[in-house]
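Chain by chain, the residues:
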Amino acid sequence: MEDKEEKNIFNFNLKTQYWLSSEEEDLCSHGEIYLKVNGTVITEADIGEEWGISESALALLRTLDADYISNPDCEEGLILHGCGAMLMSGCPISIHWSVQHKEGAVFLSDFVKFTSTDLTEGKIEYPDLRISVKKAVYEQEILQFAKQAKALFESSTAKEIEDEYDQDMYTDFWKEYDHFLQKYSAY
């Protein structure tokens, strides 16, 4: 299968990105995402869904070299709403899927989306949605998303973080983020 065909099976990109408050104070970017898996659109622009872009980017970067098993009862998810506190904590609104690496391929399955804080009322499951793509295709989609997400931070003014704990978390967040970007951009 050609990479172009595989890209059409797993298509993931950033549609919009912005700050909820001032760029000096907001530690996480927000916006809209397009996620289409094997013909099924899970989220897209202009449907009233807002996601935590920078938080989601780090969650996805972590899946580049580690399996992730979809477990909405215990895990934050891979696409996060970002309505809680800084750095991946808080809101149950999210999109989950399993990521399993095997022999140069990445298997994606167990897709579930939560559109509400009520985990039963706002739950959308995709039980038959399972795909396999080349590892390089998966990496390309995640890296381009993460690089786009970081660009907003690079072009904004410096953050004004008064709380030492928040500053440490913010610094650790970007150290880990940059580690993955450097590791996988070297290919």
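The structure contained in this document is the topic of the report that follows. No experiment lies behind these values; they were computed from the predicted model shown.

Secondary structure assignment for the protein chain yields four helices and nine strands. Start at the N end of the protein chain and walk to the C end: the helices and strands fall as α-β-β-β-β-α-β-β-β-β-β-α-α. For a compact globule of 187 residues, the expected C-alpha radius of gyration is about 16 Å, and the protein chain comes in at 16 Å, within 12% of that figure. Each of the three principal axes of the protein chain carries a C-alpha extent, and together these read 50 × 45 × 30 Å.

Once that is clear, we can look at the side chain of Thr43. Checked against the element boundaries, Thr43 lands in strand β3 (residues 40-43). For Thr43, a relative accessible area of 1% puts it in the buried group. A polar contact is formed between the side chain of Thr43 and the side chain of Trp51, at a distance of 3.2 Å. Here Thr43 is in contact with Ile33, Tyr34, Leu35, Glu49, Trp51, Ile95 and Lys113, once residues within four sequence places are set aside.

With that out of the way, let us pick up the packing of aromatic side chains. Following the criterion strictly, the structure yields eleven aromatic pairs and no others. Consider the rings of Phe173 and Tyr177, whose centres lie 5.8 Å apart with planes at 35 degrees: the pair is tilted. Taken as a pair, Phe173 and Tyr177 lie in helix α4 (residues 164-185) at a separation of four residues, close to a single helical turn. Across this residue pair, the class does not change: Phe173 and Tyr177 are buried. For Lys15, the ring lying beneath its charged end belongs to Tyr34, and the centroid distance is 5.9 Å. The side chain of Lys159 reaches across the aromatic face of Trp19, ending 3.5 Å from its centre.

Quantified by volume, the largest pocket comes out at close to 170 Å³. Forming the walls of the largest pocket are eleven residues, and the residues nearest its centre are Ala59, Arg62, Tyr68, Glu75 and Gly77. When the residues that make up the lining of the largest pocket are grouped by side-chain class, the tally is five nonpolar, two polar and four charged.

The residue Glu50 is located in the loop between β3 and β4 (51-52) in this model. Distance in space between the C-alpha atoms of Glu50 and Asp65 is 27 Å, their sequence separation being 15 residues. Residues in contact with Glu50, not counting those within four places in the same chain, are Tyr18, Leu20, His30, Gly31 and His81. Among the polar contacts listed, one links the side chain of Glu50 to the side chain of Tyr18, at a separation of 2.8 Å.

Where strand β2 (residues 30-37) lies against β3, three bridges are found, and the strand directions are antiparallel. The residue of β3 that forms the bridge with Leu35 is Thr43. If you look at the hairpin formed by β2 and β3, you'll find two residues sitting between the two strands, and Asn38 has a positive phi there, around 50 degrees.

About the thresholds
What you see as residue numbers is a count from 1 along each chain, following the sequence as written. Restriction of local features to residues with pLDDT of at least 70 applies here, the model being predicted, together with a cutoff of 80 or more for giving and counting side-chain atom pairs; totals for whole chains, interfaces and linings are based on all residues. Where side-chain values are given, they derive from all heavy atoms of the structure, hydrogens and water being excluded. Only DSSP runs of H or I reaching four residues or more are called helices, and only runs of E reaching two or more are called strands; each is numbered from the N terminus. Here the globule rule reads 2.2 Å times residues to the power 0.38, and the radius of gyration is calculated from C-alpha atoms. Burial status follows relative accessibility: with a 1.4 Å probe on protein chains alone, a residue under 20% of its type maximum counts as buried, one over 50% as exposed, and anything between as partly exposed. Two N or O atoms count as a polar contact when they lie within 3.5 Å, although within protein this holds only if one can serve as hydrogen donor and the other as acceptor, and sequence-adjacent residues are included solely when both atoms are side-chain atoms. Two residues qualify as a contact provided that any one of their heavy atoms is within 4.5 Å of a heavy atom in the partner residue. Any two of the Phe, Tyr and Trp rings considered here, Trp counted by its six-membered ring, make a pair once their centres fall within 6.5 Å; the pair's planes then place it as stacked at under 30 degrees, edge-to-face at over 60, or tilted in between. To sit over a ring, a charge needs its Lys NZ or Arg CZ within 6 Å of the ring centre and within 35 degrees of the ring normal. Points on a 1 Å grid, built from protein atoms alone, make a cavity when a 1.4 Å probe fits but cannot get out and make a pocket when they are open with protein on both sides within 12 Å along at least 5 of 7 lines; residues with an atom within 4 Å of a point are the lining residues. Grid points are joined across faces, edges and corners, and a volume is the space filled by probe spheres set on the points. Basically, the charged four are Asp, Glu, Lys and Arg, the nonpolar ten are Ala, Val, Leu, Ile, Met, Phe, Trp, Tyr, Cys and Pro, and anything else, Gly included, counts as polar. Should DSSP find at least two bridges between two strands, the strands are taken to pair.

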